[in-house]
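Chain by chain, the residues run as shown.
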Amino acid sequence: VNTRKHLLGIPPPSEKDWPKDEEDFFLLDPDRERDALPQPLRMINKLVMQVFESAMEIIERRETLREAQKLKVQPKKCFPTAEFQVTERATCLAVSGKYVFVGLSGGLAAFNTCDFKDVCAWDAAKTEICAVHALDLGNECHVLLAVDEMGLVWLFCFHKESFLLVKILNEAEDISQRSTCVEEMLSRGGDYAGILLQGNTKAWLEIYQLPKDSWLTEMEKTAGAAEGLACSDRRSSCLSEAGTFLLQELPVSAIQADVELDLPVLLLTVRPPKPITGTSFKDPVEALKEVDDDSVLGLGYNHLIKDSQWELQEAIFCSTYREYLEAEGVTKEEIPRHATFHFLLPSRILMGAEMEVEPDIPVGIGVHWDGNHNFCLYLLNHSLKGKADSDLMPDVVWPCAAPIACSAVSSCSRYLALAGEDATITIWDKHLGYPLSVTAILEERFIRSIHFL
């Protein structure tokens, strides 16, 4: 039997149990404990900490962006209220009144925005419509300009849910002489139409006057005759309700198909300015006689510089700047093939004191060709006299220091904005004839378009 002689107690502490470097134990950096780890563990710990730090930086960056996004004005999301079902591929569209005109790969289609249904379609030519412009003339009559894939311009009149083809403006019997349309425009109110055409080696602008008053009169007569025919058929018919609907609709379309509307009248044919060459005048008096309005400001054709002087000046210029011309590859000046044009309302510059015009009907057009310094204004009261190929001289020339890159006209047609190729924008008051502001963009930029808001 084991017996204890003494009671079990706690042994007193000894020096060997005391912690060594007690002061260093309390002042020790916790991160230094990792330095005591073996080498593989230290590398793993370092990589893990780098991953955590990178993740925190990404999280903080995303939080900053999210907070900045909340401070911005969020755009309102709009969802379509209705859909128009088309049987072919849609290429373009235009809105006029309560109708939406859609250009298709095989013709035109019209939709009503009230019930979102297909009203009618035109596919007689089986051609793809690439661009369409529409304008409301009133009395449920609309005028349309449509350009097909071959560059032909189709002029339509849409009335009582039917397409009426008026004319193909640039139709030519000889295919080799056919021109293609580059740009088309309808004036506000539908009084005029302009198309920019390009041939094989030249380009020109044609302005047409649309006889919209006679169109509206003819449409009213046609609608009245159709309604009278439908009423007489309805009185004498004992068909069902569906049959009555057909009798009311079919005669209208039949009569409209036989309507012959007045053709548009060609008013102006504007061609690009020709390069300035040597003079044929002998003295200044002979040159001034060529100016009809006693003004010396024009396109620069009436000058006294001879061909030999032009050649000498060009030779001096080429010899002086030969290295720069060879480096940039400067080519000879060519006749421009593209222009920008605007229909202009009455102003003091275009109309004289004796002219009586309506304020809402255009009285002229403003044209500038690519690479040209002049903004030319033409009155629309010209008559085509002389040869068809004769060049029409502008009534007013607006010269600029640099070639005009683009232009814009305000809705009231009073203010004109011209942007030059030197990145300078000038706002003109056409009524008074002086500039309101000139803005130069310091950085080297090329202005492609400009608009009034």
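None of the values given here were measured: they were computed from a predicted structure.

Reading the values: rules and limits
Residues numbered from 1 in each chain as written. Predicted model: local features only at pLDDT ≥ 70, side-chain atom pairs only at ≥ 80, totals over all residues. Heavy atoms only, no water. Pairing = 2+ DSSP bridges. Helix = DSSP H or I, 4+ residues; strand = E, 2+ residues; numbered from the N terminus. Axes fitted to C-alpha atoms, helices over the stretch in contact; angles between N-to-C directions. Core = buried A, V, L, I, M, F, W, Y, C linked by side-chain atoms within 4.5 Å. Buried < 20%, exposed > 50% of the residue type's maximum accessible area, 1.4 Å probe, protein only. Contact = heavy atoms within 4.5 Å. Phe/Tyr/Trp six-rings, centres within 6.5 Å; stacked < 30°, edge-to-face > 60°. Lys NZ or Arg CZ within 6 Å of the ring centre and 35° of its normal.

Novice: Tell me about the sheet that holds strand E12 (residues 265-270), residues and numbers included.
Specialist: Read from one edge of the open sheet, 4 strands run E9-E10-E11-E12, paired in antiparallel fashion. Of all strands in the sheet, those with a lone pairing partner are strand E9 (180-186) and E12, marking the two edges. Direction aside, neighbouring strands of the sheet carry axes that sit 20° apart on average.

Novice: Please set out the nonpolar core residue by residue, giving values where relevant.
Specialist: Counting residues in each nonpolar core, the largest one holds 24 residues, and the members touching the most others are Leu-155, Cys-157, Trp-215 and Leu-261. Those elements giving two or more residues to this core turn out to be strand E6 (141-148), strand E7 (153-159), strand E8 (163-168), E9, strand E10 (192-198), strand E11 (203-209) and helix H4 (212-236). With 4 residues, the top contributor of residues to this core is E6. With near-sequence residues (within four places) excluded, Cys-157 lies in contact with Cys-141, His-142, Ser-162, Phe-163, Leu-164, Val-166, Trp-215, Met-219 and Leu-261.

Novice: Lay out the packing of aromatic side chains in plain terms, naming residues and giving numbers.
Specialist: Inspection of the entire model under this criterion finds 12 aromatic pairs. Measuring from ring centre to ring centre gives 5.0 Å for Tyr-99 and Phe-158, while their planes differ by 70°; the resulting arrangement is edge-to-face. Residue Tyr-99 is located in strand E2 (residues 99-104), and its partner Phe-158 is located in strand E7; the two are separated by 59 residues in the primary sequence. Among the residues examined, Tyr-99 registers a relative accessible area of 4% and is labelled buried. Members of the aromatic cluster, joined through ring pairs, are Tyr-99, Phe-101, Trp-122, Trp-154, Phe-156, Phe-158 and Phe-163. Directly above the aromatic system of Trp-204 lies the positively charged group of Lys-202, at a separation of 5.8 Å from the ring centroid.

Novice: Which residues make up the sheet that holds E2, and what values go with them?
Specialist: On the basis of which strands lie adjacent, the open sheet formed by 4 strands has the order E1-E2-E3-E4 and antiparallel pairing. The sheet is open, and its two borders are formed by strand E1 (90-96) and strand E4 (117-122), each paired with just one other strand. Strand-to-strand, the axes of this sheet are offset by a mean angle of 25°, without reference to chain direction. In terms of strand pairing, E2 meets strand E3 (residues 107-112) through 6 bridges, oriented antiparallel. Residue pairing across strands places Gly-103 opposite Leu-108, the latter belonging to E3.

Novice: Tell me what's going on with the pairing of E9, and back it up with residues and numbers.
Specialist: Judged from the 6 bridges that link them, E9 and E10 form a sheet pairing that is antiparallel. Bridge pairing in E10 places Thr-180 opposite Gln-198. Linking E9 back to E10 in an antiparallel pair, the connection comprises 5 residues, with Gly-189 at a positive phi of about 100°.

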